[in-house]
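This is what each chain is made of:
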Amino acid sequence: MAKRVAIVGAGVSGLASIKCCLEEGLKPTCFERSDDLGGLWRFTEHVEEGRASLYKSVVSNSCKEMSCYPDFPFPEDYPNYVPNSQFLDYLKMYANRFNLLECIQFKTKVCSVRKRPDFTATGQWEVVTLREGKQESAIFDAVMVCTGYLTNPYLPLDSFPGINTFKGQYFHSREYKHPDIFRDKSVLVIGMGNSGTDIAVEASHLAKKVFLSTTGGAWAISRVFDSGYPWDMVFMTRFQNTFRNSLPTPIVNWLIAKRMNSWFNHANYGLIPEDRVQLREPVLNDELPGRIITGKVLIKPSVKEVKEHSVVFNNTPKEEPIDIIVFATGYTFDFPFLDETVVKVEDGQASLYKYIFPAHLPKPTLAVIGLIKPLGSILPTGDTQARWAVRVLKGVIKLPPSSIMIEEVNERKKNKRSGFGLCYCKALQADYITYVDELLTAINAKPNLFSLLLTDPRLALAIFFGPCTPYQFRLTGPGKWEGARNAIMTQWDRTFKATKTRIVQESPSLFASLLKLFSFLALLVAIFLIFL
């Protein structure tokens, strides 16, 4: 049974791992190379080696009700989408509430994690750390790696002929902090992910001209969704997930396209994705179409050639003067403190069972937490991963034989399309609700909707038809939170509290009352069709 657990990194997944270890009676020691917790969410003016970096204006892409820890809601007066400084404050509140700080050693770099000579018998690891110039070695029964995948910038300069002759400034988006550097400049942002789009929009308020170059296009959505609700509270429901996964992929893609184009026609703005089969995370930006329609951001295809003071785009012979190029071209990841025989990274993914355990190890005493890209928040995903992983490390849950785990990992790497639902075919992508439910089932913590329909129908309806908020994951099972039911039933109250900062009188409407009655009847019919 694992007792002493080394945790690498005190970001969102590291904090969850500490707490889960404490819940199960284990003794965690977390090593954090910087001087504070928070990982990605801790803004610094300068890029720090080995740590994710963000720019000053970053706001969460997942709303507070969907991106909190399952047993620790955000303060109700927080905005629905949380600025990075407040997000960091929330993480510190979490650490203080559950006494996690006493388990963290700051300014401590993990140099190596190696199997002990008697690993096949004990499963133990030797962890070598460096602090204030002094190396130390310690033995641990298990290791949880929580370093994320946003630390190594991917800068494919070889794909941009002439970049070495460019006389202007170029850098990776990881180095971007403030928009002042773009004032009165002609700016090119390469890559249309969330960071690239954010930077292009920010630059457009100060720059002379901004180009946003994309190879494949992307769907763009606003955080403000139907009737002003947060997008993920509308999109991420168990009902919608079940509905999507029961439909053939082409129909789902058609429905997604129709929904995305309801805000604005992406084809008319040069944004429509070329590949509409494989799921690509949508770009969340509330300003993008407004900046495009006013000519402040110009969407362009991929770059054909870079010259001394200009670039040439594919299919457009005209040279465009450019002063600054920002490469928002993503990240790679590795584990420099681990031997490749433990975890090997190939083609942007690692051979991890359930995205957590190396499938080939004779003893499952090393877990990787947070190395996944669900279409949902990483906080509750990492928390659920940690709960399951800790039960494995403790010996309560037994993993399948290595041969079966390796087979499952290899099947996942083939990226086969099921033909139904959204196509999660890219490295590290996963269906958020399906994946979390799989882990919850393994620890007997998945809500039983059939049972709840009989004992607590209001809660059952809120769980199935309402937003799949993280509180659902701690309703039952190990680590059950007594406040989970109340948090679910009051989630919309906290959502509206953040926006209703002026009290208004709403007159009752006969039409609205009738509509609610018919909606309730339709809901009963839907329940009958789904559950009977």
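Procedures and definitions
- Residues numbered from 1 in each chain as written.
- Predicted model: local features only at pLDDT ≥ 70, side-chain atom pairs only at ≥ 80, totals over all residues.
- Heavy atoms only, no water.
- Helix = DSSP H or I, 4+ residues; strand = E, 2+ residues; numbered from the N terminus.
- Rg over C-alpha atoms; globule rule 2.2 N^0.38 Å.
- Buried < 20%, exposed > 50% of the residue type's maximum accessible area, 1.4 Å probe, protein only.
- Contact = heavy atoms within 4.5 Å.
- Areas by Shrake-Rupley, 256 points an atom, 1.4 Å probe, with all protein chains shown as cover.
- Patch = residues over 30% accessible without salt bridge, like charges linked within 9 Å, V, L, I, M, F, W, Y side chains within 5 Å.
- Salt bridge = Lys/Arg side-chain N within 4 Å of Asp/Glu carboxyl O.
- Pairing = 2+ DSSP bridges.
- Axes fitted to C-alpha atoms, helices over the stretch in contact; angles between N-to-C directions.
- Parallel < 35°, antiparallel > 145°, perpendicular 65-115°, else oblique.
- Nonpolar A, V, L, I, M, F, W, Y, C, P; charged D, E, K, R; others polar.

(A) The overall build of the protein, seen in detail. Helix and strand content of the protein: 16 helices and 26 strands. In terms of overall size, the protein behaves like a compact globule, its C-alpha atoms giving a radius of gyration of 24 Å where 532 residues would be expected to give roughly 24 Å. With the principal axes as the frame, the protein shows a C-alpha extent of 70 × 65 × 45 Å. When burial is assessed residue by residue, the protein has 51% of its 532 residues classed as buried. Across the protein, the fraction of contacts at a sequence separation of at least 24, relative to all contacts at a separation of at least 6, is 68%. With an accessible surface of roughly 24,900 Å², the protein has 54% of that area assigned to carbon and sulfur atoms.

(B) How the structure looks around a nonpolar patch on the surface. Together, F243, I251, W254 and L255 make up an exposed nonpolar region whose accessible area comes to about 400 Å². Top contributing element to the nonpolar patch by residue count: helix α7 (residues 249-260), with three residues. Counting through the fold element by element, I251 comes out in helix α7.

(C) Representation of unusual backbone geometry in the model. Look at N99: it is not a glycine, yet its phi comes out positive at around 55 degrees. The partly exposed category is assigned to N99, whose relative accessible area is 48%. At K107, a position not held by glycine, the phi torsion is positive, near 55 degrees. As for its placement among the helices and strands, K107 is situated in the loop between β3 (104-105) and β4 (109-115).

(D) Spotlight on the sheet that holds strand β17 (residues 316-321). Spatially, β15-β16-β17 is the arrangement adopted by the three strands of the open sheet, whose pairing is antiparallel. In this open sheet, the two edge strands, each paired with only one partner strand, are β15 (303-306) and β17. Ignoring which end each strand starts from, the neighbouring axes of this sheet average 25 degrees apart. Here β15 pairs with strand β16 (residues 310-313) via three bridges, running antiparallel. Along β16, the bridge assignment pairs V306 with V311.

(E) Quick look at the packing of helix α6 (residues 238-245) against helix α13 (residues 457-465). Running from N to C, α6 and α13 point in directions that differ by 50 degrees, and their axes come no closer than 5 Å. Considering the angle they form, α6 stands oblique to α13. For the pair α6 and α13, the contacting residues are R238, F239 and T242 in the first and I463, F464 and F465 in the second. Taken together, the residues of the contact of α6 with α13 sort by class into four nonpolar, one polar and one charged.

(F) Structural view of the sheet that holds strand β14 (residues 298-300). Read from one edge of the open sheet, five strands run β9-β18-β10-β11-β14, paired in parallel fashion. At either end of the open sheet lies a strand with only one pairing partner, and these are β9 (169-172) and β14. Across this sheet, the average inter-strand angle for adjacent strands is 20 degrees, counted without regard to direction. Lying on the sheet, helix α4 (residues 194-203) is in contact with β10 (186-190), β11 (209-213) and β18 (324-327); it crosses β11 at an angle near 165 degrees.

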